[in-house]
Amino acid sequence: MEHLPFLQLSQAHLQVLETCPRKFQYLFLDSLMLPQPSLVSENQVLGRQFHQLMQQRELGLDIQPLLDDNPKLREWFQFFQDAPPPLLTGQWRQSEYQCTLELEGFTLIAVYDLLIRDTSTAQIVDWKTYPRPPRVQLLQQHWQTRLYLFIAAEALGYPPDRVSMLYWFAELPERSASRSRENWLSISYSETLHRQTRETLTKQLTNLRGWVKDFIEHRQDFPQVPLADPKCGSNAQPCSFASACQRYPDRPDRSNTALADLTDLAAIAELPLDPPMGPPMGTPSID
Ligand code: SF4
């Protein structure tokens with residue numbers, strides 16, 4: 001089998017790939033958009049600080065200086081203490097735990113905010129500094145959930161029905177007046193879901209392999225979604241790459257704002273801005 005050792009894929013890559021293969025090409029192969037520090041929002045900085053705080057807490061380090069410096073972190077952490085989510089009392093707890101899995105010549109990568117496990121059960125915990133989304137299906141279907149559960153079952157060796165993922169949300173939905181509603185969501189896993197994810201992943205990665213090969217060897221563009229697909233947006237609100245795709249040619253080119261598209265997804269998944277990819281994808285050749 002051809003091997004693509006240069007290509008590590010995170011849930012962020014898979015999410016974009018599923019949205020639109022051409023978008024994946026623009027973002028990760030063409031470098032039409034280069035990350036700009038100025039585009040990192042204040043919320044993302046706060047989100048990262050909260051993750052750092054929870055990691056330090058897990059390591060038994062002093063978190064008071066972080067809390068003293070930042071009222072928002074203090075508020076979120078107080079909320080966590082007042083209404084803690086149902087965490088397993090596993091024997092092993094590891095924060096910012098990185099787990100990888102080789103599949104179809106790619107390296108799939110997950111970074112768990114917190115992994116709690118014992119010999120028979122594993123719980124993945126993810127901190128979100130956003131409100132709980134109204135539609136649970138969005139989270140169930142998101143690649144962060146699917147990939148993280150899949151990797152836990154495959155790489156850590158737990159039966160799928162012994163693995164679960166818990167999202168905890170630090171913010172209330174806008175119209176919620178009290179903190180009484182549960183601000184966490186636990187997603188269970190099963191043999192059936194595991195099989196479905198494997199099938200989807202295998203198909204996506206096989207497609208990706210072919211598209212990367214054609215791109216490198218023949219400079220052939222990745223497929224676009226159909227013209228009428230809502231993912232291209234509308235004339236009033238087009239996709240950031242609509243101009244490059246000649247979908248709305250009279251619109252200004254917004255490709256340099258495409259990072260914002262990724263951060264929109266962050267409302268669900270807090271995507272890393274610098275997904276681990278190894279060396280740039282545009283330079284290597286396929287073995
Ligand atoms: S304009 Fe449409 S086809 Fe082009 S990248 Fe955006 S979603 Fe994909």
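Basis of the calculations
Residues numbered from 1 in each chain as written. Predicted model: local features only at pLDDT ≥ 70, side-chain atom pairs only at ≥ 80, totals over all residues. Axes fitted to C-alpha atoms, helices over the stretch in contact; angles between N-to-C directions. Helix = DSSP H or I, 4+ residues; strand = E, 2+ residues; numbered from the N terminus. Parallel < 35°, antiparallel > 145°, perpendicular 65-115°, else oblique. Left-handed = near helix turned anticlockwise from the far one by under 90°. Contact = placed C-beta atoms within 7 Å. Nonpolar A, V, L, I, M, F, W, Y, C, P; charged D, E, K, R; others polar. Buried ≥ 20, exposed ≤ 12 C-beta atoms within 10 Å, placed from the backbone. Pairing = 2+ DSSP bridges. Near = placed C-beta within 6 Å. Expected span 1.5 Å × (residues − 1).

Visitor: Hey, could you run me through the packing of helix α3 (residues 42-58) against helix α5 (residues 71-82) in this one?
Guide: How two helices pack is summed up by the angle between their axes together with the distance between the axes. Two elements in contact, α3 and α5, have axes separated by 10 Å at closest approach and are oriented at 55°. With respect to their mutual orientation, α3 and α5 come out oblique. Seen from above, α3 lies across α5 with right-handed handedness. Two secondary-structure elements touch here, α3 through L46, Q49, F50 and L53 and α5 through K72, L73, W76 and F77. For the contact of α3 with α5, the class distribution of residues is six nonpolar, one polar and one charged.

Visitor: What exactly am I supposed to notice about unusual backbone geometry here?
Guide: A negative phi angle characterises most non-glycine residues, just as the trans form characterises most peptide bonds. Although it is not a glycine, E96 adopts a positive phi angle of roughly 50°. Relative to the helices and strands, E96 is located in strand β2 (residues 92-103). The residue E104 is not glycine, and still its phi comes out positive at about 55°. Inspection of the secondary structure assignment puts E104 in the loop between β2 and β3 (106-117).

Visitor: Looking at this structure, I do not really get the pairing of strand β5 (residues 163-171). What am I missing?
Guide: Every regular strand shows the same layout, with side chains that alternate between the two sheet faces. With respect to burial, β5 is a largely interior element, seven of its nine residues being buried. Bridging between strand β4 (residues 122-131) and β5 involves eight bridges; their strand directions are parallel. When the bridges of β5 are listed, A122 appears paired with V163. Two strands pair when backbone bridges link them, and β5 and strand β6 (residues 184-188) are joined in this way by five bridges, in the antiparallel orientation. Note on β6: the bridge partner recorded for W168 is W184.

Visitor: Looking at this structure, I do not really get the site of the ligand. What am I missing?
Guide: If you check the shell around the ligand, you find C20, R22, K23, Q224, V225, K231, C232, C239, F241, A242, C245 and R247 and nothing else. Per-class residue counts for the shell around the ligand are seven nonpolar, one polar and four charged.

Visitor: I would appreciate a short explanation of helix α7 (residues 143-156) in the present structure.
Guide: Note that an α-helix has 3.6 residues per turn; residues three or four places apart therefore point the same way. Relative to the 20 Å expected for 14 residues at 1.5 Å per residue, α7 spans 19 Å between its end C-alpha atoms, a close match to the ideal helical length. Burial within α7 is extensive, with 11 of its 14 residues counted as buried. Buried within α7 we find W143, Q144, T145, R146, L147, Y148, L149, F150, I151, A152 and A153. G157, located one to two residues past α7, shows a positive phi value of around 80°.

Visitor: Help me understand the environment of R195 in this model?
Guide: In this fold, R195 is placed in helix α8 (residues 191-218). The sequence separation of R195 and F150 amounts to 45 residues, and the corresponding C-alpha distance is 9.2 Å.

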